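Breakdown of the fold
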Amino acid sequence: MNTPAAIPGQYLGPASKFQPGPGTHLHNGNIWASVLGTISTSTPGLTSSQEQAEAPKKLAGPPKRLTRIAALAEPRDSPQSRSQALLPVISVCTAGGSNSRGENGEEGGGGGGGKREVLPEVDQTVLCRVMRIMPRQAVVNILVVNETNVLEGEWQGVIRVQDVRATEKDKVRMVESFRPGDIVRARVVSTAHMP
Amino acid sequence: MADRRRINGPVGVTSPPVYANHTPGKAQKDTVQQRPDNTLRQIFLKTGITPSASGSAYLEVTGPSTNGPSGLKLNCTVHGPRSLAKSTPFTPYTTLTTHVKYAPFATRQRRGYLRDSSEKDLGVHLETALRGVIIADRWPKSGVDIIVTVLEGDQPREVFKGTPDEGIDAMNVLSGCITVASAAIADAGIDCVDMVAGGVAALVASEEDKGEPRFVLDPAPSEHDKILAGCCVAYLPSRDEITNLWYKGQTSGNDTLLYTQLVEKAVQASRGANKVLVDTLKEGVTEAGKQSKGSMEVDR
């Protein structure tokens, strides 16, 4: 198997023929590679089972902000988005990278996605450890994103008192909800700045 | 301020031992330019050498003398993207920090353990060169640290015939720093618009040419009597953009043709370095592919 390698700045194709996937970027109507790895193309959503198989693979990759925003900003039924959705997604998967990550054993979990730090995005599920309790919020360390992506570094998150549960929000007391060291399964509501 | 926390070595020049067969006459001969003006010195590049870093690379450029060990040796480690310290203000972009440090033994003049002004200056240049390459909004609220250690500066052991030129030495080091950092960033899997590579060109004059100045790519200061001007660029080949430009020299101010020619030569040098960069990285990808394929077969 000889997969084509891509280096950052390599021309992959025109934006009229492909959709930019993870590891790529758009410039002047063309798609260019932005990470080191192997090129892969996939045609999105022909059957639902394929789509489901595709979904975790996509999430395992690096965040692709531009494309995600574009896809969500337009209504799903608009003809433009439908025609865009039919284009094959071209992406670059980092293949292991340096030797250090090759030794970690859990290689190839994301279908050759490589082990790469993944930042949490809105609506993703994370597992986190409670570090500090304050009356209005709890400070947590995010450990795992999307069930499978274990983060290497320490990424901080905040659970605000109004986000602890859906009902009787005014009666929530932070000290009764969490204790330091608890592992919390949470959904990301925002990645923006929170003071 | 003096560094009081560490046990510092003696200040001043350290001379490595000179052995019997290393006669001064021979050393003089080594400083003659041995390659054509339009070729680079040989470059060795390897990625993924520091296991604890997110990405790393090692770069070596052969010295001017073929039998001496002197040359340029650089080690670069990239840490991140990782979360920023709590005290840092919110930023929707990647925060890039660069450190360039000479090892204490890297040059004839022994360096301190703390970064001095020239090292900080190189760090700023490197940051400028890399800032335009990294796609900063892919990793919000996170920081990337790039640390380049100069293990051996580009200086010969012997005192050479020309006057020492700090500027050209620093340019050669900066060009190497840019190339090695580019490789390490790619190894770390940080999104970039292109592979940036450094290149240096100089306008030199020597007695053999009767003072007629000529352009040299990747100049070694010890090979030339007088370096009139030097230029170091950080160049993106597929976008045809320059992210950092450092020009230094004594050419007449209104000679813009000479100026652009020198920049073009530096870009040419950068393209040469980029070729090494691309070849090394492609080799690494195909090797990694083979390795992971092999390990998968073992698993089954």
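Residue positions are given per chain, counted from 1 along the sequence in the order it is written. Note on labels: chains are lettered from A, ligands numbered from 1, in written order. In keeping with the model being predicted, local features are shown solely for residues with a pLDDT of at least 70 and side-chain atom pairs are shown and tallied solely at 80 or more, while totals for entire chains, interfaces and linings include all residues. Only hydrogens and water are set aside; all other atoms, that is, all heavy atoms of the structure, feed into the side-chain values.

**Some points on the interface of chain A and chain B**
Interfaces are often described in size by the accessible area the parts lose on coming together. Rules: Contact criterion: two residues are considered in contact whenever any of their non-hydrogen atoms come within 4.5 Å of each other. Here the buried area means the combined drop in accessible surface, using a 1.4 Å probe, for two parts upon being joined, counting both sides. In the sections that follow, a salt bridge refers to a side-chain nitrogen of Lys or Arg positioned within 4 Å of a carboxyl oxygen of Asp or Glu. Polar contact is the term for a pair of N or O atoms within 3.5 Å; when the atoms are in protein, one must be able to donate a hydrogen and the other to accept it, and sequence-neighboring residues count only if both atoms are side-chain atoms. Helix numbers and strand numbers start at the N terminus; a helix is a DSSP run of H or I with at least 4 residues, a strand a run of E with at least 2. Residues are sorted three ways: Asp, Glu, Lys and Arg are charged, Ala, Val, Leu, Ile, Met, Phe, Trp, Tyr, Cys and Pro are nonpolar, and all the rest, Gly among them, are polar.
Counting from both sides, the interface comprises 36 residues of chain A and, opposite them, 35 residues of chain B. Approximately 3,000 Å² of surface area, both sides summed, lies buried where chain A meets chain B, with 58% of it carried by carbon and sulfur atoms. Among the residues chain A hides against chain B, the three largest losses belong to Ile7, Leu36 and Trp155 of chain A. Together they make up 17% of the total. At the boundary of chain A with chain B, the tally comes to zero salt bridges. The interface formed by chain A and chain B contains eight residue pairs in polar contact (both at pLDDT 80 or more). Looking at the side of chain A that touches chain B, the elements with two or more residues in it are strand 4 (24-27), strand 5 (30-33), strand 6 (37-42), helix 4 (99-102) and strand 10 (149-160) of chain A. Taken together, the residues that form the side of chain A that touches chain B break down as 13 nonpolar, 17 polar and six charged.

**Quick word on the environment of Val180 of chain B**
All names here are of chain B. Rules: Each residue is assigned to one of three classes by its accessible area relative to the maximum for its type, calculated with a 1.4 Å probe on protein chains only: buried under 20%, partly exposed between the two thresholds, exposed over 50%.
When you line up the elements, Val180 lands in helix 3 (residues 166-188). Under the relative-accessibility criterion, Val180 is labelled buried at 0%. As a C-alpha pair, Val180 and Asn75 span 105 residues in sequence and 7.4 Å in three-dimensional space. Discounting chain neighbours no more than four positions away, the residues touching Val180 are Leu45, Ala57, Tyr58, Leu59, Leu74, Cys76 and Val148.

**Brief notes about the packing of aromatic side chains**
Let me state the cut-off plainly: When two rings of Phe, Tyr or Trp (its six-membered ring) have centres within 6.5 Å they constitute a pair, described as stacked for plane angles under 30 degrees, edge-to-face for angles over 60, and tilted for the intermediate range. Two thresholds decide whether a charge sits over a ring: the Lys NZ or Arg CZ must be within 6 Å of the ring centre and within 35 degrees of the ring normal.
Tallied over the full model, the rule gives three aromatic pairs over all chains. For the pair Tyr11 of chain A and Trp32 of chain A, a centre-to-centre distance of 5.5 Å together with 70° between the ring planes defines the contact as edge-to-face. Pair noted here: Tyr11 of chain A is in strand 2 (residues 11-14) and Trp32 of chain A is in strand 5, with a separation of 21 residues, a long-range link. By relative accessible area, which is 15% here, Trp32 of chain A ends up buried. The ring of Tyr102 of chain B carries the charged tip of Arg111 of chain B above its face, separated from the ring centre by 3.9 Å.

**A closer look at helix 3 of chain B**
Residue and element names in this part refer to chain B. This is how the line gets drawn: Expected span of a helix, by definition, is 1.5 Å for each gap between consecutive residues, and there is one gap fewer than residues.
Relative to the 33 Å expected for 23 residues at 1.5 Å per residue, helix 3 spans 32 Å between its end C-alpha atoms, a close match to the ideal helical length. Where burial is concerned, most of helix 3 is hidden: 22 out of the 23 residues are buried. Directly after helix 3, the chain includes Gly189, whose backbone phi takes a positive value near 75°.

**A closer look at the pattern of salt bridges**
Residue and element names in this part refer to chain B. According to the stated counting rule, one finds 13 salt bridges over all chains in the structure shown. With a shortest N-O distance of 3.4 Å, Asp116 and Arg111 are connected by a salt bridge. For Asp116, a relative accessible area of 31% translates into the label partly exposed. Residue Arg138 pairs with Asp191 through a salt bridge whose shortest N-O separation is 2.7 Å. Remark: Asp191 occurs in the loop between helix 3 and strand 6 (197-205) and Arg138 occurs in the loop between helix 2 (117-131) and strand 5 (142-152); sequence separation between them is 53 residues. When its relative accessible area of 1% is taken as the criterion, Asp191 is described as buried.

**Things to note about unusual backbone geometry**
Of note, the bond from Gly80 of chain B into Pro81 of chain B is cis; its omega dihedral lies within 30 degrees of zero at 5°. Residue position: Pro81 of chain B is located in strand 3 (residues 71-83). For Asp123 of chain A, which is not a glycine, the phi torsion comes out positive at approximately 80°. Tracing the chain through its elements places Asp123 of chain A in the loop between helix 4 and strand 8 (125-133). We classify Asp123 of chain A as exposed; its relative accessible area is 52%. With a phi close to 60°, Asn146 of chain A is a non-glycine residue in the positive phi region. Tracing the backbone through its elements, the reader meets Asn146 of chain A in the loop between strand 9 (137-145) and strand 10.

**As for a nonpolar patch on the surface**
Residue and element names in this part refer to chain B. The condition that has to hold: Only residues whose relative accessible area exceeds 30% and that form no salt bridge are eligible for patches; like-charged ones are grouped when within 9 Å, while nonpolar side chains (Val, Leu, Ile, Met, Phe, Trp, Tyr) are grouped when within 5 Å. Surface exposure here means Shrake-Rupley accessible area, sampled with a 1.4 Å probe, where a residue is shielded only by the protein chains that are shown.
Residues Ile242, Leu245 and Tyr259 make up a contiguous nonpolar surface patch of roughly 240 Å² in combined accessible area. Summarising the element assignment, Leu245 is placed in strand 9 (residues 241-249). Looking at Leu245, the relative accessible area reads 37%, which means it is partly exposed.

**Concerning the sheet that holds strand 4 (residues 95-102) of chain B**
Residues and elements named next belong to chain B. Rules: Two strands qualify as a pair provided that DSSP identifies no fewer than 2 bridges between them. For every element, the axis is a line fit to its C-alpha atoms; helices are fit only across the contacting stretch, and the angle between N-to-C directions ranges from 0 to 180 degrees.
Read across the sheet, five strands follow the order 1-2-3-5-4 without closing on themselves; strand pairing throughout is mixed. Looking at the sheet topology across the chains shown, the edges are occupied by strand 1 (43-47) and strand 4. The average undirected angle you get between the axes of adjacent strands in this sheet is 15°. In this fold helix 3 packs onto strand 1, strand 2 (55-62), strand 3, strand 4 and strand 5, with an angle of close to 40° to the strand it touches most, strand 3.

**Considerations on the UniProt feature "domain: Exosome complex component N-terminal" (unreviewed entry) in chain A**
Note the following rule: UniProt positions are given in the numbering used here, feature names are shortened, and annotations may be inferred rather than shown by experiment.
Here the UniProt feature "domain: Exosome complex component N-terminal" (unreviewed entry) sits at residues 6-41 of chain A. Helix makes up 0% of residues 6-41 of chain A and strand 56%, whereas the separation of the span's terminal C-alpha atoms amounts to 13 Å.

**What about the pairing of strand 9 of chain B?**
Residues and elements named next belong to chain B. In terms of strand pairing, strand 8 (residues 226-236) meets strand 9 through eight bridges, oriented antiparallel. In the sheet register, Gly230 faces strand 9, and the bridge partner there is Lys248. Linking two consecutive strands that pair antiparallel, namely strand 8 and strand 9, is a turn of four residues; a positive phi of about 55° is found at Asp240 within it.

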